[in-house]
Each structure stands twice: as C-alpha cells, then as structure tokens.
Amino acid sequence: VSIAAVEAQHVAAAGLVQEQCPRCGILRETVLPATGHTYGAYTVVRAATIFEAGEQERSCSVCGSVQSEAIPKLSGTVNLKTDSLPVQINEKVTVQSLVTGLQEGDCVASWSSANPEIAAISADGTILAKKTGTAKITVSTKSGATAVMAVSVQVDEVATTNISGLKKKLSLTAGKKFRLTPVLTPVSSQQTITYKSSNQKVAKVSAKGVVKGLRKGTAKITVKSGSKKYVVRLKVTAPAVKKIKRVPAEKMLAKGMTFQLKPKLKPAGCSQKIHYKSSDNRIASVTARGKITAQKEGTARITVTAGNVKVVCKVTVTDSLSG
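Scope of this entry: the structure provided in the associated data block. (Residues numbered from 1 in each chain as written. Predicted model: local features only at pLDDT ≥ 70, side-chain atom pairs only at ≥ 80, totals over all residues. Heavy atoms only, no water.)

Looking now at the overall build of the protein chain. If you tally the helices and strands in the protein chain, you get 0 helices and 33 strands. For 323 residues, the compact-globule estimate of 2.2 N^0.38 gives 20 Å, and the C-alpha radius of gyration of the protein chain, at 40 Å, exceeds that figure by more than 25%. With respect to the principal axes defined by its C-alpha atoms, the protein chain has extents near 120 × 95 × 25 Å. Burial statistics for the protein chain: of 323 residues in total, 32% are counted as buried. Once local pairs closer than 6 in sequence are excluded, the contacts in the protein chain between residues at least 24 apart make up 50%. Roughly 19700 Å² of accessible area belongs to the protein chain as shown, and the carbon and sulfur atoms make up 50% of that amount. Looking at charge distribution, the protein chain has the averaged site of its 48 positive side-chain charges lying 24 Å from that of its 19 negative ones. (Helix = DSSP H or I, 4+ residues; strand = E, 2+ residues; numbered from the N terminus. Rg over C-alpha atoms; globule rule 2.2 N^0.38 Å. Buried < 20%, exposed > 50% of the residue type's maximum accessible area, 1.4 Å probe, protein only. Contact = heavy atoms within 4.5 Å. Areas by Shrake-Rupley, 256 points an atom, 1.4 Å probe, with all protein chains shown as cover. Lys, Arg positive; Asp, Glu negative; His and termini not counted. Charge placed at Lys NZ, Arg CZ, Asp CG, Glu CD.)

Read across the open sheet, the 3 strands follow the order β27-β31-β30; overall the sheet is antiparallel. One side of each edge strand has no neighbouring strand; the edge strands of this open sheet are β27 (258–260) and β30 (284–286). Taking the axes of each pair of neighbouring strands and ignoring which way they run, one obtains an average angle of 20 degrees across the sheet. Across 3 bridges, the pairing between β27 and strand β31 (residues 291–294) is antiparallel. When the bridges of β31 are listed, glutamine 260 appears paired with lysine 291. (Pairing = 2+ DSSP bridges. Axes fitted to C-alpha atoms, helices over the stretch in contact; angles between N-to-C directions.)

In this structure, the largest pocket occupies an estimated 150 Å³ of space. Lining of the largest pocket is provided by Lys81, Val87, Gln88, Glu91, Lys92, Val93, Ser97, Leu98, Val187, Ser188 and Gln190. Looking at the lining of the largest pocket, the elements that each hand over two or more residues are β8 (84–88) and β9 (92–94). (1 Å grid on protein atoms, 1.4 Å probe; cavity = no way out; pocket = protein on both sides within 12 Å on 5 of 7 lines; lining within 4 Å. Points joined across faces, edges and corners; volume = space filled by probe spheres on them.)

Hydrogen bonds between backbone atoms are what pair the strands of a sheet, whose relative direction is either parallel or antiparallel. Strand order in the open sheet made by the 4 strands is β8-β15-β14-β11, with mixed pairing throughout. Of all strands in the sheet, those bounded by a partner on one side alone are β8 and β11 (108–113). With strand direction ignored, the average angle separating the axes of adjacent strands in the sheet is 25 degrees. Where β11 meets strand β14 (residues 133–141), 5 bridges bridge the pair, whose relative direction is antiparallel. Counted as the bridge partner of tryptophan 111 is valine 139 from β14.

It is worth spelling out the pattern of salt bridges at this point. Applying the stated criterion across every chain yields a total of 3 salt bridges. A salt bridge links glutamate 19 to arginine 28, with the nearest nitrogen and oxygen atoms 2.9 Å apart. Residue classification places arginine 28 among the exposed positions, given a relative accessible area of 52%. For aspartate 280, the salt bridge identified is with arginine 282, shortest N-O distance 3.2 Å. (Salt bridge = Lys/Arg side-chain N within 4 Å of Asp/Glu carboxyl O.)

As a further point, take unusual backbone geometry. Proline 186 follows threonine 185 through a cis peptide bond whose omega is -5 degrees. Residue proline 267 is reached from lysine 266 by a cis peptide bond, and omega for that bond is 0 degrees. Residue placement: proline 267 occurs in the loop between β28 (264–266) and β29 (275–278). Even without being glycine, asparagine 90 reaches a positive phi, approximately 75 degrees. When you line up the elements, asparagine 90 lands in the loop between β8 and β9. The exposed category is assigned to asparagine 90, whose relative accessible area is 59%. The phi dihedral of arginine 246 falls on the positive side, at around 65 degrees, and the residue is not glycine. Among the secondary structure elements, arginine 246 is positioned in the loop between β25 (243–245) and β26 (250–254). Here arginine 246 falls in the exposed class, since its relative accessible area comes to 63%.

What follows is the structure, given as structure tokens:
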C-alpha cells in the first residue's frame, strides 16, 4: 500500500490521506478531522477599573493563535460606617472619616445635606451639627455610587455604646510592644478611651494603648470608654536567651576561697532557669545558685547554661594567691 497526504491536517481544516493498492490500483481516501484549538488559561493584559473595561488573552498550544476577551469594568461601591450617626450640637465630623468600601481609583466627589439648618456640610466635607433634629446626608463618588446616612443632632454628649476591634486574648514576648486599636460605637462618641494593666510588673500600657511586655506572666488590660469596657487577657512569654553576660572567662582562687557567679541573661525579660555544672567537683565545686568553692589545686571548668546558650568559666585553684 502506498500512502500520500494529499491535504495536510490543520486546527480549523480537515486533512486528506489517500491509500492505493499496488496490485489492483484501487484508491482509498481517509478524511482526518480538524484538530481544534487547545487554549490555556486567560492572562490579564489590562486590569478593569471602575472607569474602563479590561482585557485578557489566552493562546492555543497547537497553532499559537491568540484569543482576546474583554473584562467588564468594575461597579463603583461606597459604604458608610453607620446608617445612623448621633452628633452633639456644635460638634464636627468629617465625611471622609466615615467612608469605606471604595473601589481602587474611585473617590468621594460630592456630599449634601437634606436639612442644612440641622446638619450643614462645608466645602471640605465637614459635617457641622447646628440644632436638634435629623438630617439625611448623601455621599456620592466619582464613579456614580451613592450612600446615605441619617445624622441625629442632640443636646447631650454622645456616649459610647460598644467597644470592638480587640482580641479577647493576646500573647506578647517580654520586651515587645503591641498597639491596641479599639473601635467605638457610635463612631461619633466623644468619650475618651482609657487603658489599665492589672499587673504593672508583667505588662504596662500607655495612654495611647501601646502595651509592652515586661516579664513572663499574665495580666488583664482593661479598655474603657464612658460606662463601657473591654478586657484583653494578656499572656507575656519570656524571650529566648541570646547571650549570658557577666561570667568571667577565667578566675583564679586560692584553696578554700569562694566566688559567686552573677550571670545576666540577654535580652531583657529572659526568665529561663540558670544551671551550673563543674567539670571536676574535687577541684572546684559549684552550687545550684552559682557559688564556686575552691577545693584543691588544679583546673576545672564551670559551665553556665540558660536555654540553648552556655558560657564557661575556667577556674584555677592554687594553694595561695600570693603563691
């Protein structure tokens, strides 16, 4: 049988193969179906924005042809932190401080008050509470999205009704700091936030809510605003020992003399137990509290260990120092 490809097989077009018998001359034709495209995943060429559609492409691994597809432009969004905002007379609140959920590239374009005699808005977006009552505030973005909230103007100070945005439990390494960022409800609350630590030896907290771990232990950090409070249970862990200081590399003692080791662990806040060991108690012994006693002439090595760190003091014992 002789075989000849009369028409090549393609992605979009069928191929044709002819087979002829050398004895009888009969010709047989076979149609090869089109292979079809094999496209990979789309790759973003231009990201969509709120103002313009994007574009993505993919290519065929068989023929290399490229297929493009439009990505719909993003819908503009805007949210406000609350639907209802109480404000005391003569107090001010900025619109920008209440806006969330903007798409990338979007921004607040305008704002308006349905009752400016109750709550007016200045050109820079500052809401001024003028007299008791309720005013509807509308915020619009450049993309055309809008959000509405009701501003209720009152005579009394705006009190805190809830404290959120904090974890119930917090773990901190001694020597490290962490800033608490409580969120008050309503956002217009005028009552100040105070902080207090139940154990000043374990952790202290500043007037701005910065907690610093001092040493291993536990403490309660109370966050208070008006009549509301939130308690954070804090656990302070000891940092890993990095260095052992104040241990002499060598020490010479006369027989019968003693010497007290006073190692200091670094960094500050380390509370790991310190262990002492002599290489030869017959020459120089050491107690569990680091007191060395010279026993007889010779040399011994006192090893001081804390965590994974160790240092060695070489002790030489003589009959007398004046020798």
